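Fold and geometry: a report
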Amino acid sequence: MNDDFCCFYCGRVLPKSECSSEHIIPACLGATLDKTGTRLVCKDCNTKAGKDVDLPFCRDWIIESKRFFEGVVSRGKRPSTKVGRINWERPEQVEVYFLEHKVIAYRFRITSGESCVLFGSIGQQATPEAVDVVKKSLKDRFSNHRVINPGTEKTDQERDVIGAIEAMGRNLKLTMSADVTAWDRAVVKMGLGLSCLYFGEEFARSQQADHLRSFLWESDPNKRDEIPLHGSAGFLSQKESKLSRIFHEDKGVHTFCLMEIGSKIGFFAGFFGEFENYLEVDSVGTFCGRLPGALMRGAVWIVDPKKKETIGPVPLEELIQRRTEERHRTLERDFSQVNQSPKDLKENP
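Overview of the structure. One numbering rule holds for all chains: residues counted from 1, following each sequence as written. Given that this is a predicted model, residues contribute local features only at a pLDDT of at least 70 and side-chain atom pairs are listed and counted only at 80 or more, while totals for whole chains, interfaces and linings are drawn from all residues. Values reported for side chains reflect all heavy atoms of the structure, with hydrogen atoms and water molecules removed beforehand.

It is worth spelling out the overall build of the chain at this point. Helical segments are the DSSP runs of H or I of at least four residues, strand segments are the runs of E of at least two, and each set is numbered from the N terminus. Helix and strand counts for the chain stand at 13 helices and 16 strands. In the chain, the share of contacts with a sequence separation of at least 24, taken over all contacts with a separation of at least 6, comes to 57%. To be clear on the numbers: accessible area is Shrake-Rupley with a 1.4 Å probe, and residue cover counts the displayed protein chains and nothing else. As presented, the chain carries roughly 18600 Å² of accessible surface, and 50% of it is formed by carbon and sulfur atoms. Whether two residues are in contact is decided by their heavy atoms, any of which lying within 4.5 Å being enough.

Put into structure tokens, the structure is as follows:
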């Protein structure tokens, strides 16, 4: 049995030769393997999670937009950001992407089934240099698409679509929608993975873990909706009272926390300090006693996506105390500066 392991994502007991390195929190969010990674995931689950869970979530327009404007790269590449789909009466579906160098890409499919990308620019004609840079940076996204630019030979349908886009001008109307299913599955996967990582093999073999797995891998959306997950797995944006600010003042970081809620354990996920999610990972309180703290029990991971740095797991109580002390020091410093006289300010620049 020493050579076997229990896979976090499927619960099967397999030989160590079947394990692989897995980012519980996706690398595109800035997480590294040292704090939120594991080798206790089988190769099949790693491949499936990457394709069916991580990729749809990281390609969601909200996540890509935040990554784009925050300058968060993955594998050295800055993402393009899908702004939305043109809202019009025409049958063609045209997706709009905002790229580097003030370039816009319009992706659409013509009758023959061939995918096309038209490069435009904000306020001016896209320069050949900008187009070349964009084409190189988007090999993964548009590698199988035919690029249409001024001077490129076009079909009648392509000319018709391009003319319709240009005619809309500044009146371009876009429909933007988030992939709620992708957010649901991503939050459940992270909650399951970090719980297994923190509580160990006992949780990985537990009924609570199986309950999360049943949601994670259910392909039928109707059956998935019938699985009673408590909390709000999916994107939530709140203008006030963001829980993530308790953990870290910088709104650009991600926070993940296993916390005691009465006799239960909840999983909190905050992305970029803006989108907050809550999920109940333990419905009977079996593992509550494993969480650190006295008055406030829980363990927190903080991921800085720009620096590619992760701290944690830190006891929730300790982290809140640390943040409180930092706020007090900031307030004292601001108060002392406000109450300095002009003479003091000159002597103490």
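Next comes the rest of the account.
A few words now on the sheet that holds strand E13 (residues 264-271). One bridge is not enough; two strands pair if DSSP finds at least two bridges between them. Ordered in space as E11-E14-E13-E12-E15-E16, the six strands form an open sheet in which the pairing is antiparallel. One side of each edge strand has no neighbouring strand; the edge strands of this open sheet are strand E11 (231-232) and strand E16 (309-315). Inspection of the sheet shows strand E12 (residues 254-261) paired to E13 by seven bridges, in the antiparallel sense. Looking across to E13, one finds that Cys-257 is bridged to Phe-268.

A negative phi holds for most residues other than glycine; trans holds for most peptide bonds. Cis geometry is adopted by the peptide bond preceding Pro-313, which originates at Gly-312 and carries an omega value of 0°. In this fold, Pro-313 is placed in strand E16. Unusually for a residue other than glycine, Phe-272 sits at a positive phi of about 55°. Positioned with a positive phi, Lys-308 is a non-glycine residue whose angle comes to about 55°. Its location among the elements puts Lys-308 in the loop between strand E15 (298-304) and E16. You can call Lys-308 partly exposed: its relative accessible area is 28%. Three exposure classes are used, based on accessible area relative to the maximum for each residue type with a 1.4 Å probe and protein chains only: buried under 20%, partly exposed in between, and exposed over 50%.

Turning to helix H6 (residues 156-168), a few remarks are in order. For H6, with 13 residues, the first-to-last C-alpha span of 19 Å sits near the 18 Å given by 1.5 Å per residue. Here H6 has its buried residues at Glu-158, Val-161, Ile-162, Ala-164, Ile-165 and Met-168. Around the axis of H6, the buried residues are gathered within 155° of arc, so they sit on the same side. Set apart from the buried face of H6 by more than 90 degrees, the exposed residues are Asp-156, Glu-166 and Ala-167. One or two positions beyond H6, positive phi appears at Gly-169, with a value near 50°. To estimate how far a helix should reach, multiply one less than its number of residues by 1.5 Å. Relevant arc is that of directions from the helix axis to the C-beta atoms, nothing else.

The next point concerns the packing of helix H2 (residues 43-58) against helix H7 (residues 180-199). Two measures define how a pair of helices packs: the angle their axes make with one another and the distance between the axes. Interaxial distance between H2 and H7 falls to 8 Å at its minimum, and their mutual angle equals 120°. When you trace H2 past H7, the crossing you get is left-handed. Here Ala-49, Val-53, Asp-54, Pro-56 and Phe-57 of H2 come into contact with H7, specifically with Ala-182, Trp-183, Arg-185, Ala-186, Lys-189 and Met-190. For the contact of H2 with H7, a count of residues per class yields eight nonpolar, no polar and three charged. Helix axes use the C-alpha atoms of the stretch in contact, all axes being lines fitted to C-alpha atoms, and the angles between their N-to-C directions lie in the range 0 to 180 degrees. Crossing chirality is assigned from the near helix's rotation relative to the far helix, an anticlockwise turn below a right angle marking it left-handed and a clockwise turn marking it right-handed. Gly is placed with the polar residues, together with every amino acid not listed as nonpolar (Ala, Val, Leu, Ile, Met, Phe, Trp, Tyr, Cys and Pro) or charged (Asp, Glu, Lys and Arg).

Here the focus is the state of the cysteines. The disulfide criterion used throughout: a pair of cysteine sulfur atoms within 2.5 Å. Under the defined criterion, the tally for this structure stands at one disulfide. A sulfur-sulfur separation of 2.2 Å characterises the disulfide bridge that pairs Cys-28 with Cys-58. The chirality of the disulfide connecting Cys-28 with Cys-58 is left-handed, given an S-S dihedral of about -70°. With Cys-28 in the loop between strand E3 (19-23) and helix H1 (33-36) and Cys-58 in helix H2, this residue pair connects regions lying 30 residues apart in the sequence.

Another point: the pairing of strand E7 (residues 103-109). Taking burial as the measure, the seven residues of E7 include five buried ones, the bulk of the element. Here strand E6 (residues 94-98) pairs with E7 via five bridges, running antiparallel. In the strand pairing of E7, Tyr-97 is matched with Ala-105.

Moving on to the environment of Pro-305. Positionally, Pro-305 belongs in the loop between E15 and E16. Pro-305 gets classed as buried once you look at its relative accessible area, which sits at 2%. C-alpha of Pro-305 to C-alpha of Val-73: the two residues are 232 residues apart in sequence and 8.4 Å apart in space. Ignoring sequence-local partners within four residues, the contact set of Pro-305 consists of Leu-29, Gly-30, Val-72, Gly-252, Val-253, His-254 and Phe-272.

What follows is about the pattern of salt bridges. Whenever Lys or Arg places a side-chain nitrogen within 4 Å of a carboxyl oxygen from Asp or Glu, that contact is recorded as a salt bridge. Within the structure shown, the criterion is met by 18 salt bridges. A salt bridge links Arg-85 to Glu-95, with the nearest nitrogen and oxygen atoms 3.5 Å apart. Linking Arg-85 in strand E5 (residues 81-86) with Glu-95 in strand E6, this pair joins segments that are ten residues apart in sequence. A relative accessible area of 33% means that Arg-85 is categorised as partly exposed. Judged by relative accessible area, which is 12%, Glu-95 ranks as buried. What you see here is one network of salt bridges that share partners, running through Lys-66, Glu-70, Glu-274 and Lys-306.

Each Phe, Tyr or Trp ring, with Trp reduced to its six-membered ring, pairs with another whose centre is within 6.5 Å; inter-plane angles below 30 degrees give stacked pairs, above 60 give edge-to-face pairs, and intermediate values give tilted ones. With the rule as written, the count across this model stands at 15 aromatic pairs. With a centroid separation of 6.1 Å and 20° between ring planes, the pair formed by Phe-69 and Phe-98 is classed as stacked. Taken as a pair, Phe-69 in helix H3 (residues 61-70) and Phe-98 in strand E6 lie far apart in primary sequence, 29 residues in all. Judged by its relative accessible area of 60%, Phe-69 is exposed. Aromatic pair Tyr-198 and Phe-199: ring centres 5.2 Å apart, planes at 90°, arrangement edge-to-face. Members of the aromatic cluster, joined through ring pairs, are Phe-57, Trp-183, Phe-235, Phe-256, Phe-267, Phe-271 and Phe-275. Over the face of the ring belonging to Trp-88 we find Arg-90, whose NZ or CZ atom lies 5.5 Å from the ring centre. We count a charge as sitting over a ring when the NZ of a lysine or the CZ of an arginine lies within 6 Å of the ring centre and within 35 degrees of the ring normal.

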